[in-house]
Every structure is written in C-alpha cells, then in structure tokens.
Amino acid sequence: QVQLVESGGGSVQAGGSLRLSCAASGYRYGSYCMGWFRQGPGQEREGVAVMDSRGPATYAESVKGRFTISLDHAKNTLTLQMNRLKPEDSGMYYCGYGTSWCQLVAHFMDYWGKGTPVTVAS
C-alpha cells in the first residue's frame, strides 16, 4: 500500500515562497501519477499540479509560472515549489498518488496524504 506524508506548510505573506514535500513509500515501479491538490474551507478539492512518472507535468492555470512540481525518484519525494504566493493560494494541500489518468482531477487519485496547511496573508 502507498503511504504519503506531506510537510513544509506554513504561514507566509503575499509574494513570499514556500516549498512543500511529499515523502512516498510502498509504491510499485511502473506508470503512475503524483500530484498536489488543495482545498479551502467549504470548497472542493482542486488540482494544483500533477506529474507523470515519466516526466510530463500539468499545472492549473492559476499557478502557471509560479509553482513548480518535481519528483526525485532516488529520494522518493515529490516537491512543490511555490513562488509569488497569493491569498487565494491558501488552503490545505494534499499529496495524491494514482495509477490511472494523470490529470488535475481529484477522483483519479487512489491514495492521499493527510495534508499540510498553507496560509497566505495579504
């Protein structure tokens, strides 16, 4: 079974940066998709960025040019570098893992971490 543990969340001022990490274990070699999703109070979980195990990455339009997702196979770690943060970026950020479609759709993920909170103040 796949286990995901997020870290790196915190509170920052608008325009600041934050780096989130997701330590993965128990996954099998082969094709898979990993990504970051976020959810605000009373809102649905939305895709931020997803990355295929072979390299391609897809970003939500709202974060293009500001966020960068990367996967370190040697360390089994998924990272999300967030720059020029905005108040609307606030929310609980979750790391997801799936073996089907690699898209910005929460339902395509099969496993989730418990999340790490991100708060951006204006």
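Structure: see above.
Residues numbered from 1 in each chain as written. Predicted model: local features only at pLDDT ≥ 70, side-chain atom pairs only at ≥ 80, totals over all residues. Heavy atoms only, no water.

A.B. asks: Before we go on, may I ask you to explain the sheet that holds strand β3 (residues 18-25) in this structure?
C.D. replies: Two orientations exist for strands paired in a sheet by backbone hydrogen bonds: parallel and antiparallel. Within the open sheet, the 4 strands sit side by side as β1-β3-β8-β7. Their pairing is antiparallel. Edge positions in the open sheet fall to β1 (3-7) and β7 (67-72), since each of these has one partner strand only. Pairwise comparison of adjacent strand axes, ignoring direction, gives a mean angle of 15 degrees for this sheet. Bridging between β3 and strand β8 (residues 77-82) involves 6 bridges; their strand directions are antiparallel. Directly across from Leu18, in β8, lies its bridge partner Met82. (Pairing = 2+ DSSP bridges. Helix = DSSP H or I, 4+ residues; strand = E, 2+ residues; numbered from the N terminus. Axes fitted to C-alpha atoms, helices over the stretch in contact; angles between N-to-C directions.)

A.B. asks: Can you walk me through unusual backbone geometry in this structure?
C.D. replies: Negative phi characterises most residues that are not glycine, and trans characterises most peptide bonds. The backbone of Asn76 shows a phi angle near 55 degrees, a positive value even though the residue is not glycine. Here Asn76 shows up in the loop between β7 and β8. Accessibility expressed as a relative area gives 29% for Asn76, which makes it partly exposed. The residue Arg84 is not glycine, and still its phi comes out positive at about 50 degrees. Relative to the helices and strands, Arg84 is located in the loop between β8 and β9 (91-98). (Buried < 20%, exposed > 50% of the residue type's maximum accessible area, 1.4 Å probe, protein only.)

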